[in-house]
Amino acid sequence: MPTKQPPISSDIIENICRVIANTETGLTGTEIGRILAESNIPDTDPKLTKWKRLFNAFGHYQNKHNCSNNILTFLSRAMKPVRYVDNPELFKHRLLELNKRLCFIGLELTEKAQYRKIEKTSTITDPFVDLETKSSNEYDIAISFAGEDRKIAEEIAEKLNASGIKVFYDAYEKATLWGKDLYEHLNDVYKNKATFCLMVISTNYREKQWTNHERKAAQARAFSQNKEYILPLKLDDTEIPGLNETIGYVDLRNSDANEIVGLLKSKLKE
């Protein structure tokens, strides 16, 4: 991580060590030694039991450098997906257990072993219940919008991302989209990959070819499931084909991005 990260409290460090060096589901002693070396953390007590060995190494590093950067690097290296090709269930288990602890410092490890900031928790309810029931979809929210309405879409996307919510917003997906057949890829995203589709409705939205493609994919998903999927956000009074007037919506003219994000968070908890 590029900036200096503050030290992690000893109780959180201990819990992390007990997960990553667990007797049955943790790293082997050899793996611990190798990843410590790769992370530039001295292996101060290699003869101790695994979790105590790791705890002492982390503690020594933090005491000397007054930061947690290399500890976070160790965890990221330990969770590289390529290590778990033959045991994806172990990957899921470790990732979940680590994130239950990391959320207390406002961080989460993604399935790509990269960190993202989330809202720091101070209670046991959030990490032990919310994370276990968290959606398995690739995205929590997929935003469908016309280019002319990018300003509000980007504001919402940034606030969602800062809250640790997995959001599909095209500007975040440049590398992923590069070279893809966009017709097929976007159809898959809006039909299969998200928990909800935030549809930013306007005259521009109705008139664009790509937004109509996204809309049709989202509507196919909505038709196939027995709960709401499309969450309409109105910028004006434009009517959208196939979107019934009886569907509940939020009007941005009577709201703002902060309220929209709050509502989306509540929706994801339902």
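Residues numbered from 1 in each chain as written. Predicted model: local features only at pLDDT ≥ 70, side-chain atom pairs only at ≥ 80, totals over all residues. Heavy atoms only, no water.

Novice: Could you give an account of the overall build of the protein chain, naming the residues involved and the relevant values?
Specialist: What the protein chain contains, in helices and strands, is 12 helices and seven strands. Within the span of the protein chain, comprising 270 residues, buried residues form 44% of the whole. Of all intrachain contacts in the protein chain linking residues separated by at least 6 positions in sequence, the fraction that spans at least 24 positions is 65%. Surface summary for the protein chain: the accessible area is close to 14800 Å², and the carbon and sulfur share equals 49%. Of the side-chain charges in the protein chain, 39 are positive and 39 negative, and the distance between the mean point of each set is 6 Å. (Helix = DSSP H or I, 4+ residues; strand = E, 2+ residues; numbered from the N terminus. Buried < 20%, exposed > 50% of the residue type's maximum accessible area, 1.4 Å probe, protein only. Contact = heavy atoms within 4.5 Å. Areas by Shrake-Rupley, 256 points an atom, 1.4 Å probe, with all protein chains shown as cover. Lys, Arg positive; Asp, Glu negative; His and termini not counted. Charge placed at Lys NZ, Arg CZ, Asp CG, Glu CD.)

Novice: I'd like a rundown of the pairing of strand β3 (residues 139–144), residues and numbers included.
Specialist: Burial analysis of β3 places six of its six residues in the buried class, the great majority of the element. Note that β3 and strand β5 (residues 194–201) share five bridges and pair parallel. By the bridge assignment, isoleucine 141 is partnered in β5 with phenylalanine 196. (Pairing = 2+ DSSP bridges.)

Novice: Describe in detail the confidence of the model for the protein chain, supporting the description with residues and values.
Specialist: For any part of a model where pLDDT is low, the fine detail of the predicted coordinates should not be relied upon. On average, residues of the protein chain score 89 in pLDDT, and 94% of them reach the 70 mark or higher. Contacts of residues 128–134 to residues separated by more than four positions or lying in other chains number 12 contacts, the stretch itself having pLDDT below 50. (pLDDT = per-residue confidence, 0-100.)

Novice: Account for the side chain of threonine 211, naming residues and giving values.
Specialist: Summarising the element assignment, threonine 211 is placed in helix α11 (residues 209–224). Residue threonine 211 is classed as buried on the basis of its relative accessible area, which comes to 3%.

Novice: Quick one: what's the story with the nonpolar core, residue by residue and with numbers?
Specialist: Counting 35 residues, the largest nonpolar core has Leu54, Phe58 and Phe74 as the members making the most contacts within it. When residues of this core are traced back to their parent elements, those giving at least two are α1 (10–20), α2 (29–38), α3 (50–65), α4 (69–78), α5 (88–102) and β1 (107–109). The contacts of phenylalanine 58, once residues within four sequence positions are left out, are Ile13, Cys17, Leu36, Ile41, Ile71 and Phe74. Ile152, Leu160, Phe196 and Leu198 belong to the second-largest nonpolar core, a separate cluster that totals 21 residues. (Core = buried A, V, L, I, M, F, W, Y, C linked by side-chain atoms within 4.5 Å.)

Novice: So what's going on with α11? Residues and values would help.
Specialist: The end-to-end C-alpha distance of α11 is 23 Å, a good match for the 22 Å that 16 residues give at a rise of 1.5 Å each. Along α11, the residues that are buried comprise Thr211, Asn212, His213, Glu214, Arg215, Ala217, Ala218, Gln219 and Arg221. Buried residues along α11 sit in contact with β3, α9 (182–193), β5, α10 (203–207) and β6 (230–234). (Expected span 1.5 Å × (residues − 1).)

Novice: Could you give an account of the pairing of β5, with specific residues and numbers?
Specialist: In terms of burial, β5 is a largely internal element, eight of the eight residues being buried. Pairing geometry for β5 and β6, over five bridges, is parallel. Bridge pairing links leucine 198 to leucine 231 in β6.

Novice: Pulling in residues and values, what's your account of the packing of aromatic side chains?
Specialist: Under the counting rule described, the total for this entry stands at seven aromatic pairs. Between phenylalanine 58 and phenylalanine 74 the ring centres are 5.3 Å apart and the planes differ by 80 degrees, which places this aromatic pair in the edge-to-face class. Note that phenylalanine 58 is positioned in helix α3 and phenylalanine 74 in helix α4, a separation of 16 residues in sequence. Under the relative-accessibility criterion, phenylalanine 58 is labelled buried at 0%. Between the aromatic rings of phenylalanine 168 and tyrosine 190, the centroid separation amounts to 5.7 Å while the plane-to-plane angle is 85 degrees, which identifies the pairing as edge-to-face. Of this pair, phenylalanine 168 sits in strand β4 (residues 167–168) while tyrosine 190 sits in helix α9, placing them 22 residues apart in sequence. Pair check on accessibility: phenylalanine 168 and tyrosine 190 agree, each one buried. Among the aromatic residues, those joined into a cluster by ring pairs are Tyr139, Phe168 and Tyr190. Here the guanidinium or amino end of arginine 18 rests over the ring plane of tryptophan 51, the centre of that ring lying 3.8 Å away. (Phe/Tyr/Trp six-rings, centres within 6.5 Å; stacked < 30°, edge-to-face > 60°. Lys NZ or Arg CZ within 6 Å of the ring centre and 35° of its normal.)

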